[in-house]
Amino acid sequence: MSKPSAAILILCLLLAGCVSTGQTGRKVDPEAARDAYVQLGIGYLQKGETERAKQPLSEALKLDPRSASAHMVLALVFQQEGEYGSAEQHFRSALAAEPDNSRILNNYGAFLLDRERYQEALQYFNKAAADTLYSERSRVFENMGIAYLRMGNAEAARENLERSLRLNSRQPRALLELAQLEFNSGDFVPSWDHYRRFDQLSEQNAASLWLGVRLARRFEDHSKAASYALQLKRLYPNSPEAKALMESEKS
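Residues numbered from 1 in each chain as written. Predicted model: local features only at pLDDT ≥ 70, side-chain atom pairs only at ≥ 80, totals over all residues. Heavy atoms only, no water.

Draft legend 1. Broad picture of the overall build of the protein chain. Within the protein chain, the regular secondary structure consists of 14 helices and 2 strands. Across the 251 residues of the protein chain, 41% fall into the buried class. For the protein chain, the share of sequence-separated contacts (at least 6 apart) that also reach a separation of at least 24 residues comes to 46%. Of the accessible surface of the protein chain, which amounts to about 13,700 Å², a share of 47% is contributed by carbon and sulfur atoms. (Helix = DSSP H or I, 4+ residues; strand = E, 2+ residues; numbered from the N terminus. Buried < 20%, exposed > 50% of the residue type's maximum accessible area, 1.4 Å probe, protein only. Contact = heavy atoms within 4.5 Å. Areas by Shrake-Rupley, 256 points an atom, 1.4 Å probe, with all protein chains shown as cover.)

Draft legend 2. The packing of helix H8 (residues 137-150) against helix H10 (residues 172-184), seen in detail. Orientation of H8 relative to H10, taken along the N-to-C sense of each, is 35°, at an axis distance of 10 Å. Crossing of H8 against H10: the hand is left-handed. Of the residues in H10, those in contact with Glu142, Ile146, Leu149 and Arg150 of H8 are Arg173, Ala174, Glu177 and Leu181. When grouped by side-chain class, the residues that make up the contact of H8 with H10 number 4 nonpolar, no polar and 4 charged. (Axes fitted to C-alpha atoms, helices over the stretch in contact; angles between N-to-C directions. Left-handed = near helix turned anticlockwise from the far one by under 90°. Nonpolar A, V, L, I, M, F, W, Y, C, P; charged D, E, K, R; others polar.)

Draft legend 3. Highlighting the pattern of salt bridges. The tally for this structure, following the rule as stated, stands at 19 salt bridges. Salt-bridge contacts for Glu136 lead to Arg139; the nearest nitrogen and oxygen are separated by 3.8 Å. A relative accessible area of 29% means that Glu136 is categorised as partly exposed. By relative accessible area, Arg139 is classed as partly exposed at 39%. Note that Arg158 and Glu182 form a salt bridge whose closest N and O atoms lie 3.9 Å from each other. With a gap of 24 residues between them, Arg158 in helix H9 (residues 154-167) and Glu182 in helix H10 connect regions that are remote in the sequence. Sharing partners across several salt bridges, the network here consists of Glu88, Arg92, Arg117 and Glu120. (Salt bridge = Lys/Arg side-chain N within 4 Å of Asp/Glu carboxyl O.)

Draft legend 4. Spatial organisation of helix H4 (residues 68-81). The first and last C-alpha atoms of H4 sit 20 Å apart over 14 residues, in line with the 20 Å expected at 1.5 Å per residue. Burial runs high along H4: 10 of the 14 residues are buried. Positioned one or two residues after H4, Gly82 has a phi angle of 80°, which is positive. (Expected span 1.5 Å × (residues − 1).)

Draft legend 5. Representation of the packing of helix H3 (residues 50-63) against H4 within the structure. Where H3 meets H4, the axes come as close as 10 Å, and the angle between the chain directions of the two elements is 155°. Here H3 lies roughly antiparallel to H4, going by the angle between them. For the pair H3 and H4, the sense of crossing is left-handed. The segment H3 lies against H4, with Thr50, Glu51, Ala53, Lys54, Leu57, Ala60 and Leu61 engaging Ala70, His71, Val73, Leu74, Val77, Phe78, Gln80 and Glu81. Of the residues that constitute the contact of H3 with H4, the class distribution is 9 nonpolar, 3 polar and 3 charged. (Parallel < 35°, antiparallel > 145°, perpendicular 65-115°, else oblique.)

Draft legend 6. Structural view of the confidence of the model for the protein chain. When pLDDT is averaged across the protein chain, the result is 91; 89% of the residues are at 70 or more. pLDDT under 50 marks residues 1-24. Its contacts with residues more than four places away, or in other chains, come to 32 contacts. (pLDDT = per-residue confidence, 0-100.)

Draft legend 7. Inspection of the packing of aromatic side chains at higher detail. Per the stated rule, a full pass over the model turns up 10 aromatic pairs. With centroids separated by 6.3 Å and ring planes inclined at 50°, the aromatic side chains of Tyr84 and Phe111 adopt a geometry described as tilted. Taken together, the positions of Tyr84 in helix H5 (residues 84-97) and Phe111 in helix H6 (residues 102-114) put the pair 27 residues apart, joining distant regions of the chain. When its relative accessible area of 30% is taken as the criterion, Tyr84 is described as partly exposed. Relative accessible area serves as the criterion here: at 1%, Phe111 is assigned to the buried category. Put simply, the rings of Tyr84, Phe91, Tyr108, Phe111 and Tyr124 pair up and form one aromatic cluster. (Phe/Tyr/Trp six-rings, centres within 6.5 Å; stacked < 30°, edge-to-face > 60°.)

Draft legend 8. Representation of the side chain of His194 within the structure. Examined against the element boundaries, His194 turns out to sit in helix H11 (residues 188-201). Given the relative accessible area of 11%, His194 is considered buried. A polar contact of 2.8 Å, which involves the side chain of His194, links it to the side chain of Glu182. With sequence-adjacent residues up to four places away left out, His194 is seen in contact with Leu165, Leu175, Leu178, Ala179 and Glu182. (Polar contact = N/O pair within 3.5 Å; in protein donor to acceptor, adjacent residues only side chain to side chain.)

Shown next, in the form of structure tokens:
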């Protein structure tokens, strides 16, 4: 059963299984119904069905206009659709309801990072990172590392990416960004180590394949270099990285 279908079933059960209000009537538990609507919205969002996600999330907000979860998921829906003004409005509503919720702080920081509002993003990441019990704290430090990278602060970027990996050594984005950072600074041994760990955990893109080609060549791993080069040419033939590869093969 798909996640949306499962959520629909849960919602139907909630609407059918009521909470007693006295001798003459029964009514739905509004908190349980709200949570079921939110879960239904999450299910649609995870499937990429953002239009269908809005209705149950709107129903959740009718039951509880201050539902931080409903506002946050709706913010993610609008972010995915490129409706950035609406996304920010719902992120702020979520934080107004739960200002210390680390998940919301990190998600809003990631939104600001995507919008290239780096200093603002760091404020929210720092607040989320202060929660030592947050289960996805490694992602907060990963996001902070990326923010510092984009701001041109390589030292702070390295510090936060390394801290992310100390908390969770299986963070592909942190591994790749650190490998690229180390390659740029000439630290090829740790770069190759981080890159190979990334390669075991994640799908490749044009930038990561080009980094892999250059690292494999440096360490004379001809098989890997050829494999990465073939993937880059086949999957991303028109990318700047593929063009750089072809130029490198001429020399």
